[in-house]
Amino acid sequence: MKNRLGNFFRSELFHNFLRNPGAVIGLVIVIFFLVMVLIGPFFTPQNPYDIGGLDLMDAYKPPMWMDGGERAFPLGTDEQGRDLLSAMVYGSRISMGIGLIVVLLSCVIGTFLGLVAGYFGGRLDSLLMRLVDVQLSFPAMLVALFIMAAFGRGFGKLVFALTIVGWVLYARTVRSSVLVEKKKEYIDAAKLIGLSPFPVIFRHVLPNILTPLIVIATIQVGTVILTEATLSYLGVGVPVTKPSLGLLVKNGYDVLFSGLWWSSVFPGMFIMLLVFGINLLGDFLRDEFNPRLK
Amino acid sequence: MLKYLIKRIFQMIAVLFAVSLIVFFVMSFTGDPVLMIVPPTATDAQIAEARVALGLDQPLWVQYRVFLGNLLRGDLGVSYIFKRPALTLIVERMPATLELVFFSILISLAVALPCGVFAGAWPNNPLSRIIMGGSLLGISLPSFWLGILFIFYFAVEKGLLPSSGRGETATLFGIPFAFLTRDGFRHIILPAVTLAMGTLAMLIRLIRAQIMEVMRQDFIKFARAKGVSWKNLLFRHALKNALVPVVTVFGIQIGTLIAFATVTETIFAWPGMGKLLVDSINTSDRPIIVAYLMIVAAMFVFINFMVDIVYTLIDPRIDLR
């Protein structure tokens, strides 16, 4: 393990990473958010889900640097006296949680189907790829919106809808990589020593097609967070009792015209910063793993 | 070519048929439509009577056959809320959405073409780095939030531009359009820019990557050696060859713009079909949701078809099977 870590720090990837300010900034942002959602709830001034802990006397407080702001509520409060910063920490937790779960699920499902379709070919392959083609011709947002409209809001349904939308990208990428790999000699060799198809697929093909997967998965975390935020904004995403960052923006927008600009501006800024960090990292990885750019 | 066209048209019909199946069966899980139609005071007997009258006591596949038959006749049901045909309601709102999408496309192209070509031709120029950083920020920001910032700054704080509605419209070919009047044009600016942002940022990145790819090729070196001016080199030689993937993505982007118009229209209270969809989702107005999906699906299938045709026009090397 230690040796592997040492190898990593001496690797070209790490060397290039340090010389790419965008990638470093991206990683810092992502780590900041990870730390925040993991330990943040221990430090936030309030538990925003605990209705009993709210005091209407605290409602409509502006951020602390403005007139009437208080140190206890650094970014101000909403119309129920909920501390915005606490709500944003909990909201980031929900947004990132959904992002990671959806990416994990769609990556596993899409990769499995792509591997099987690409390796075996035939009827299954053409059926699956037709499905992928049809789905990709419809915007992901609209498909997810339709599923949520039909089944109603909720975490499980949201994860389901976003996974349905997400797996196709992996399936298509994996399949085309498999088509290239399976013609190579090491696969013939693996078959020749008598391995059955599934060990060949998972032990030999899969490790060799991982790089594009890493890039897609990284960028997709950002995409999923944005789509989730949009659905929640439209009122078909997370339940109102557990607001994600997107729903916080929506709640803030409802009171924008009574002057509470902060409660929609700051949560949106969080989404942008988080997705920006993820995209910076994803861009770096894509350039690193693209042999044509070297 | 003719054989290809016929094959594609059959594919389009198959896809739309599949969409109608999926939409119908998924929507049939969404609760009992009878309860949406009968008055709240209806007795159980009346509800049962209404169910039989509407054919909702039949098995699902019989209902689907009726639905499909009506669909082919252009009858997509009557809205529960508006008490008018769903198809008419959507068609009425379509010009507003298309107008918005059209302006967003204009804005994205006007900004993305020069920015993308510049960043691709001179990737190490500081200005290119700013363009690329900006475009990454552009794909990272939620469009609804950008709309809110615009409303807050331009409408609430500065009072420069209106933040909701479509303003005055003028009629062209019997269709009302907002951009023809001064007031309507002022109304379209903020929503169009908001909607354009994502596409714009994405196109910049795509055009840049394509130009970088093309600039490495021999015919560019040859053109430069021949003494072709930079302007001609970039916009006639390089851009033309970089356009094929851009056209594909652009086709998909039109679909994405129509989808995201739902969000933009909701923020700016733009009376298009996207806002109608979101409102109908919130009021469980099933006929409108179904009608919207069928119409938009038909539009996407048609756009994809057109994209494939346009391919052959801009790149004769592509062979249609």
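This part is about the interface of chain A and chain B. Chain A puts 37 residues into the contact, and the matching count from chain B is 43 residues. For the pair chain A and chain B, the two sides together bury roughly 3500 Å², of which 80% comes from carbon and sulfur. Summed over the three residues of chain A that lose the most area to chain B, namely A:Leu142, A:Phe146 and A:Met272, the buried surface amounts to 17% of that side. The interface formed by chain A and chain B holds one salt bridge in total. Two residues, B:Arg205 and A:Asp283, come together in a salt bridge whose shortest N-O distance is 2.7 Å. Across the chain A-chain B interface, the total number found is five residue pairs in polar contact (both at pLDDT 80 or more). Of all the elements in the fold, those that place two or more residues in the side of chain A that touches chain B are α6 (140-151), α10 (210-234), α11 (245-254) and α12 (262-289) of chain A. No other element matches the 12 residues that α12(A) contributes to the side of chain A that touches chain B.

The predicted model of chain B has a mean per-residue pLDDT of 81, with 93% of residues at 70 or higher. Of the two predicted TM-score estimates for the complex, the pTM is 0.87 and the ipTM is 0.84.

Further remarks concern empty space enclosed by the protein. Under the definition given, this model contains two cavities of 30 Å³ or more. Empty space within the largest cavity amounts to approximately 40 Å³. Forming the walls of the largest cavity are A:Leu136, A:Ser137, B:Gly251, B:Ile252, B:Gly255, B:Phe300, B:Ile303 and B:Asn304. For the lining of the largest cavity, the secondary structure elements donating two or more residues are α10 (230-268) and α12 (286-314) of chain B. Put simply, the second largest cavity is a space of about 30 Å³. For the second largest cavity, the full set of lining residues is A:Leu142, A:Leu145, A:Phe146, A:Ala149, B:Leu277, B:Ile281 and B:Leu293. Put simply, the parts of the chain that give the lining of the second largest cavity at least two residues each are α6 of chain A together with α11 (273-282) of chain B.

Once that is clear, we can look at the packing of aromatic side chains. Tallied over the entire structure, the rule returns 20 aromatic pairs over all chains. Taken together, a centroid distance of 6.4 Å and an interplanar angle of 80° make the contact between A:Phe151 and A:Phe160 edge-to-face. Classification of A:Phe160 as partly exposed rests on a relative accessible area of 43%. Three or more aromatic residues joined by ring pairs make a cluster, and in this case those are A:Phe112, A:Tyr119, A:Phe120, A:Phe198 and A:Phe202. Above the ring of B:Phe82, the side-chain terminus of B:Arg93 is found at 5.6 Å from the ring centroid.

By size, the foremost hydrophobic cluster in this structure holds 175 residues, and its most contacted members are A:Leu231, A:Tyr233, B:Phe144 and B:Tyr292. Each of two domains, domain 1 (2-72) and domain 2 (93-314) of chain B, supplies a minimum of three residues to this core. Among residues more than four places away in sequence, those in contact with B:Phe144 are A:Ala229, A:Thr230, A:Tyr233, A:Gly246, A:Val249, A:Ile271, B:Val263 and B:Ile267. Of all hydrophobic cores here, the second largest spans seven residues; its members include A:Ala117, A:Met129, A:Val132 and A:Ala171.

The subject of this paragraph is the packing of helix α8 (residues 185-192) of chain A against helix α9 (residues 197-208) of chain A. All names here are of chain A. It is at 11 Å that the axes of α8 and α9 come closest, and there the two elements cross at 165°. If you check the angle between α8 and α9, you find them roughly antiparallel. In terms of crossing hand, the pair formed by α8 and α9 is right-handed. Counting all contacts with α8, which are made through Tyr186, Ile187 and Ala190, the residues of α9 involved are Val200, His204, Val205 and Asn208. In the contact of α8 with α9, the residues fall into five nonpolar, two polar and no charged.

Attention now moves to the environment of B:Ala96. All names here are of chain B. Within the fold, Ala96 resides in helix α5 (residues 86-121). Judged by relative accessible area, which is 1%, Ala96 ranks as buried. Ala96 sits 70 residues away from Arg166 along the chain, and the two C-alpha atoms are 8.1 Å apart. Here Ala96 is in contact with Arg166, Trp270, Pro271 and Gly272, once residues within four sequence places are set aside.

Attention shifts here to the pattern of salt bridges. Note that side chains of opposite charge can pair when their charged atoms are close. Per the counting criterion, the structure on display carries nine salt bridges over all chains. If you follow the salt bridges from partner to partner, you end up with A:Asp283, A:Arg286 and B:Arg205 in one network.

Conventions and cut-offs
Residues numbered from 1 in each chain as written. Chains lettered and ligands numbered in written order. Predicted model: local features only at pLDDT ≥ 70, side-chain atom pairs only at ≥ 80, totals over all residues. Heavy atoms only, no water. Contact = heavy atoms within 4.5 Å. Buried area = accessible area lost by both parts, 1.4 Å probe. Salt bridge = Lys/Arg side-chain N within 4 Å of Asp/Glu carboxyl O. Polar contact = N/O pair within 3.5 Å; in protein donor to acceptor, adjacent residues only side chain to side chain. Helix = DSSP H or I, 4+ residues; strand = E, 2+ residues; numbered from the N terminus. pLDDT = per-residue confidence, 0-100. 1 Å grid on protein atoms, 1.4 Å probe; cavity = no way out; pocket = protein on both sides within 12 Å on 5 of 7 lines; lining within 4 Å. Points joined across faces, edges and corners; volume = space filled by probe spheres on them. Phe/Tyr/Trp six-rings, centres within 6.5 Å; stacked < 30°, edge-to-face > 60°. Buried < 20%, exposed > 50% of the residue type's maximum accessible area, 1.4 Å probe, protein only. Lys NZ or Arg CZ within 6 Å of the ring centre and 35° of its normal. Core = buried A, V, L, I, M, F, W, Y, C linked by side-chain atoms within 4.5 Å. Domains from an automatic or database assignment. Axes fitted to C-alpha atoms, helices over the stretch in contact; angles between N-to-C directions. Parallel < 35°, antiparallel > 145°, perpendicular 65-115°, else oblique. Left-handed = near helix turned anticlockwise from the far one by under 90°. Nonpolar A, V, L, I, M, F, W, Y, C, P; charged D, E, K, R; others polar.

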